[in-house]
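Structural overview for review
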Amino acid sequence: MTPQPSKNKQFARRLPNSEYRSREHLLPKEVEALMNAAKKRGRHGHRDQLMILMAYRHGLRAIEVTTLKWDQVDLNGGTLHVNRVKEGTPSTHPLRGKELRMLRKLRRDCPDGPYLFTSERGGPMTVAGFQRMVKAAGDSAGLGFAVHPHMLRHACGYYLANKGFDTRAIQAYLGHRNIQHTVRYTELAPGRFNDFWSD
């Protein structure tokens, strides 16, 4: 049963995340399920699936993915210039085949406007709209817990740590100014303990 915050508005506060779910990141198979569910939801399925993929592969915060502009994307060179919020360090990420194909389709379908991900009115998708879409896709995917967009950024960090990438490289990729924000991913990577026992 999901815990409920106090109904007394004077003392109402949000409970810690651990009271709502056991972890703050998604596993790769859960991200895939989320993308598949988003694709099947309505006429904006392609846009929604691509938003989730970009947020996951590039460790984007909700505000970073919703404000992505086409001038940050080089479809010919296969790169994405990532601007970070919270005083994070910007970087340039490679774009892989699946992303490039989906981005080209999105560009063909929506050739006008500066933003990648737009609403019905042609403006940038809002953070609240992205949050609602991710939650609805999580419900449709039957993941069994409430999903929010920042779980995709954490999923990226844990994926890279589990693959054994250097902490400094992950720090640069995620745009962390302070490496302590990155260490949490490598500290919880199960691969750290693979050689502790042998049978």
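This is a predicted model, so every value here is computed, not measured. One numbering rule holds for all chains: residues counted from 1, following each sequence as written. Local features in a predicted model are, by the rule used here, given only for residues with pLDDT of at least 70; side-chain atom pairs are given and counted only at 80 or more, and totals for whole chains, interfaces and linings are based on all residues. Hydrogen atoms and water are omitted, and side-chain values are computed over all heavy atoms in the structure.

1. Points about the overall build of the protein chain
Here is the rule: Secondary structure elements follow DSSP: runs of H or I no shorter than four residues count as helices, runs of E no shorter than two count as strands, and numbering proceeds from the N terminus. The classification of residues rests on relative accessible area computed with a 1.4 Å probe and restricted to protein chains. Under 20% of the type maximum is buried, over 50% is exposed, and intermediate values are partly exposed. The contact rule is simple, with two residues in contact once any of their heavy atoms fall within 4.5 Å. Areas reported as accessible are Shrake-Rupley estimates using a 1.4 Å probe. Residue values count occlusion only from the protein chains shown.
Secondary structure summary: the protein chain contains eight helices and three strands in total. Counting helices and strands in the order they occur from the N terminus, the protein chain gives α-α-α-β-β-β-α-α-α-α-α. Counting every position in the protein chain, which comprises 199 residues, the buried fraction comes to 42%. In the protein chain, the proportion of contacts linking residues at least 24 apart, taken out of those at least 6 apart, comes to 59%. Per element, the accessible surface of the protein chain, about 11800 Å² overall, is 51% carbon and sulfur.

2. Focus on helix 8 (residues 180-187)
Our working definition: What the arc describes is the spread of directions from the helix axis to the C-beta atoms.
Restricting attention to buried positions, one finds in helix 8 the residues T182, V183, Y185 and T186. Projected down its long axis, helix 8 shows its buried positions confined to an angular sector of 155°, all on one face. Against the buried residues of helix 8 lie helix 6 (150-162) and helix 7 (167-174).

3. Quick word on helix 2 (residues 45-57)
Each full turn of the α-helix corresponds to 3.6 residues, which orients residues three or four apart in the same direction. Under the convention used in this document: A helix is expected to span 1.5 Å for every residue after the first.
A rise of 1.5 Å per residue sets the reference length of helix 2, with its 13 residues, at 18 Å; its end C-alpha atoms lie 18 Å apart and thus fit the reference within 8%. Burial runs high along helix 2: 12 of the 13 residues are buried. Every buried residue belonging to helix 2 is among G45, H46, R47, D48, Q49, L50, M51, I52, L53, M54, A55 and Y56, and all of these are buried. Contacts from the buried residues of helix 2 go to helix 1 (28-39), helix 3 (62-66), strand 2 (79-82), helix 4 (97-109), helix 5 (127-141) and helix 6.

4. Structural notes on the packing of aromatic side chains
Two numbers describe a pair of aromatic rings. These are the distance of the centres and the angle of the planes. Rule in force here: Stacked, tilted and edge-to-face are the three classes applied to pairs of Phe, Tyr and Trp rings, where Trp contributes its six-membered ring and a pair requires centres within 6.5 Å; stacked means planes under 30 degrees apart, edge-to-face means over 60, and tilted covers the rest.
Taken as a whole and assessed by the stated rule, the structure comprises two aromatic pairs. Judged by centre distance (6.4 Å) and plane angle (65°), the ring pair of Y56 and Y159 falls under edge-to-face. Remark: Y159 occurs in helix 6 and Y56 occurs in helix 2; sequence separation between them is 103 residues. In this structure Y159 comes out as partly exposed when scored by relative accessible area, which is 35%. Aromatic pair Y158 and Y185: ring centres 4.8 Å apart, planes at 85°, arrangement edge-to-face. In this pair, Y158 sits in helix 6 while Y185 sits in helix 8, placing the two residues 27 residues apart along the sequence.

5. A word on the nonpolar core
Cut-off, in case you're wondering: What is meant by a nonpolar core is a set of buried Ala, Val, Leu, Ile, Met, Phe, Trp, Tyr and Cys residues, joined one to another through side-chain atoms within 4.5 Å.
Of all hydrophobic cores here, the largest spans 39 residues; its most connected members are M54 and F117. If you list the elements that add at least two residues to this core, you get helix 1, helix 2, helix 3, strand 2, helix 4, helix 5 and helix 6. For this core, the element with the most residues is helix 2, which contributes seven residues. Apart from residues no more than four positions distant in its own chain, M54 is found in contact with G59, L60, V65, L68, L80, L95, E99, L103 and F117. By size, the runner-up hydrophobic cluster in this structure holds seven residues, among which are C156, Y158, A161 and I170.

6. Regarding the pairing of strand 2
Moving residue by residue along a regular strand, the side chains alternate between the two faces of the sheet. What counts, and what does not: Here, a strand pair is defined by DSSP locating no fewer than two bridges between the strands.
Side chains of strand 2 alternate between two faces, with L80 and V82 buried and T79 and H81 left unburied. Across two bridges, strand 1 (residues 73-74) lies against strand 2 in antiparallel orientation. Looking at the pairing, V73 lines up with L80 of strand 2. Here four bridges tie strand 2 to strand 3 (residues 91-94), and the two strands are oriented antiparallel to one another. Bridging across to strand 3, V82 finds its partner in S91.

7. Re the packing of helix 7 against helix 8
Packed helices, taken two at a time, are described by the angle their axes make and the gap between the axes. Where we set the bar: With axes taken as lines fitted to C-alpha atoms, and helix axes fitted only over the stretch in contact, angles between N-to-C directions fall between 0 and 180 degrees. For classification purposes, an angle smaller than 35 degrees is called roughly parallel, one larger than 145 roughly antiparallel, one from 65 to 115 roughly perpendicular, and anything else oblique. In this scheme the crossing of two helices becomes right-handed for a clockwise turn of the near helix relative to the far one and left-handed for an anticlockwise turn of less than a right angle. Gly falls in the polar group here, along with every residue not listed as nonpolar (Ala, Val, Leu, Ile, Met, Phe, Trp, Tyr, Cys, Pro) or charged (Asp, Glu, Lys, Arg).
At a closest axis distance of 9 Å, the pairing of helix 7 and helix 8 adopts a crossing angle of 125°. The orientation of helix 7 relative to helix 8 falls into the category oblique. Of the two possible hands of crossing, helix 7 and helix 8 adopt the one that is right-handed. Packed against helix 7, whose contacting residues are T167, I170, Q171 and L174, the element helix 8 presents T182, V183, Y185 and T186 at the interface. Class assignment of the residues belonging to the contact of helix 7 with helix 8 gives a composition of four nonpolar, four polar and no charged.

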